[in-house]
Amino acid sequence: MDWLTANEALTLLGTLPQTLYANVSRGRIKARRDPNDSRKSLYRGEDVRRLAKRAAGRRRQETVAAEAIRWGEPVMPSSLSTVENGRLLYRGRDAVELSETATLEDIAVLLWDAKPFQLPTRSRAAVGSVQAAFVAMAERAASDPPSVGRSELILLLEAISVLSSLAGSLAGGRSATEPLHVALAVAWDRPGAADIIRRALVLLADHELNASTFATRVAVSTGAALSAGVLAGLATLSGPLHGGASVAARALAGEARTLGAEAAVLARLGQGVPLPAFGHPLYPDGDIRAAALFGQFKPPEHYAALHAAAFKITGERANIDFALAALTEAYDLPVDAPLVLYAMARC
């Protein structure tokens, strides 16, 4: 297997560096660190030549359609967020840096290109849950007006209202004027977890055109109400290969605690299936969101051992789903906390 420098790859492709990085982030070109210079990367020659050959002729329509949703990441432009050189950017700003101080409300202002706003006092379900969120959004979607033919200001006000409704159904129980991360910490009776919840919400807020974001945009593109778009996103998010992936990570961690970390990893690999919540096609050097969270709390011992064993055996690092599972156990949050965090953040 041959590996090319960036200049060699760009010469073959005839593209700008940004296009090379985009092909790497979407899994089309395999990259690895240059053993002679850790600041640089090398690119698999076979992948580069395949793309260069493909670019020489017009691809058939069905090929374009099939590749548009590879890895569940539709290859479509988004000015809201992008993954570039292993960094997650929100409108060009580093999401990890934002997570140091920003709230989810701050990120909504940034992504919506809006002025700072205050969420209205939220009426909440008696007990917050993902199920309550589905009910709340379905009820709104049945009566909210279409999204077409309305001014940006009116749509912004409705977006704020939809986020407030979703937050109330997810957090449950108490009156709500506090920031969303505090509302969740209070609802879960874990006030000491407020800051790590805030960081997680910021890091989960957007991620290019992932599957649930794409589903939401498709729904709203028909003129459906914003709440109907959120409902479509929730349905997509709930799948075990998306927002529900932390469930599999938690199960694997349980096996590691019982069998030992290396035995658990080898047992899964022996079944011919990849390890859940390890690796990410957009982050060949490791999911920066997971790394950012792990820098702020100490994962339970069996999670740390599992992470080390998996990297030793497969070379893959834990992704955000693994980090959320570890965070949930470390702070003794509800079992569905990862999905709740995903849903509130992505709204």
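Parameters at a glance
Residues numbered from 1 in each chain as written. Predicted model: local features only at pLDDT ≥ 70, side-chain atom pairs only at ≥ 80, totals over all residues. Heavy atoms only, no water. Helix = DSSP H or I, 4+ residues; strand = E, 2+ residues; numbered from the N terminus. Buried < 20%, exposed > 50% of the residue type's maximum accessible area, 1.4 Å probe, protein only. Pairing = 2+ DSSP bridges. 1 Å grid on protein atoms, 1.4 Å probe; cavity = no way out; pocket = protein on both sides within 12 Å on 5 of 7 lines; lining within 4 Å. Points joined across faces, edges and corners; volume = space filled by probe spheres on them. pLDDT = per-residue confidence, 0-100. Contact = heavy atoms within 4.5 Å. Axes fitted to C-alpha atoms, helices over the stretch in contact; angles between N-to-C directions. Parallel < 35°, antiparallel > 145°, perpendicular 65-115°, else oblique. Left-handed = near helix turned anticlockwise from the far one by under 90°. Lys, Arg positive; Asp, Glu negative; His and termini not counted. Salt bridge = Lys/Arg side-chain N within 4 Å of Asp/Glu carboxyl O.

**So, unusual backbone geometry**
- Phi at Arg-91 is positive, roughly 45°, even though this residue is not glycine.
- Considering the arrangement of structural elements, one finds Arg-91 in the loop between strand S5 (87–90) and strand S6 (93–94).
- Judged by its relative accessible area of 34%, Arg-91 is partly exposed.
- With phi around 55°, Asp-332 is a residue other than glycine that occupies positive phi space.

**Brief notes about the pairing of strand S3 (residues 37–44)**
- Pairing between strand S1 (residues 3–4) and S3: two bridges, direction antiparallel. Paired with Leu-4 across the two strands is Tyr-43, which belongs to S3.
- Two successive antiparallel strands, strand S2 (residues 31–34) and S3, enclose a turn made up of two residues.

**Observations regarding empty space enclosed by the protein**
- The full count for this structure, using the stated rule, is one cavity of 30 Å³ or more.
- What lines the largest cavity is simply Gly-279, His-280, Tyr-283, Pro-284, Asp-285, Gly-286, Asp-287, Gly-315, Glu-316 and Arg-317.

**Some thoughts on the confidence of the model for the protein**
- Overall, the predicted model of the protein reaches an average pLDDT of 88, with 90% of residues at or above 70.
- Within the model, pLDDT remains below 50 along residues 57–75, and this stretch shows 32 contacts once partners closer than five positions in the same chain are excluded.

**Some points on the packing of helix H8 (residues 152–171) against helix H18 (residues 337–346)**
- It is at 9 Å that the axes of H8 and H18 come closest, and there the two elements cross at 170°. Taken together, the axis directions place H8 and H18 in an arrangement best described as roughly antiparallel. For the pair H8 and H18, the sense of crossing is left-handed. For the pair H8 and H18, the contacting residues are Leu-163, Leu-166, Ala-167 and Leu-170 in the first and Val-340, Ala-343 and Met-344 in the second.

**Notes on the side chain of Asp-206**
- Mapped onto the elements of the fold, Asp-206 is located in the loop between helix H10 (194–204) and helix H11 (211–221).
- Buried Asp-206, no salt bridge; nearest opposite-charge side chain is Arg-346, N-O distance 5.2 Å.

**Notes on the pattern of salt bridges**
- Summed over the entire model, instances satisfying the criterion amount to 14 salt bridges.
- Across the pair Arg-250 and Glu-329 runs a salt bridge, and its minimum N-O distance is 3.3 Å. One end of the pair, Arg-250, is in helix H13 (residues 245–259); the other, Glu-329, is in helix H17 (residues 320–330), and 79 residues separate them in sequence.
- Bridged by salt links that share partners, the residues Glu-100, Asp-195, Arg-198 and Arg-199 form one connected network.

**Examining the sheet that holds strand S4 (residues 81–84)**
- If you walk across this open sheet you meet the three strands as S4-S5-S6, and the pairing is antiparallel. In the strand order of this sheet, the two ends are held by S4 and S6, each with one partner.
- With two bridges connecting them, S5 and S6 associate as antiparallel partners. Looking at S6, one finds that Tyr-90 is bridged to Arg-93.

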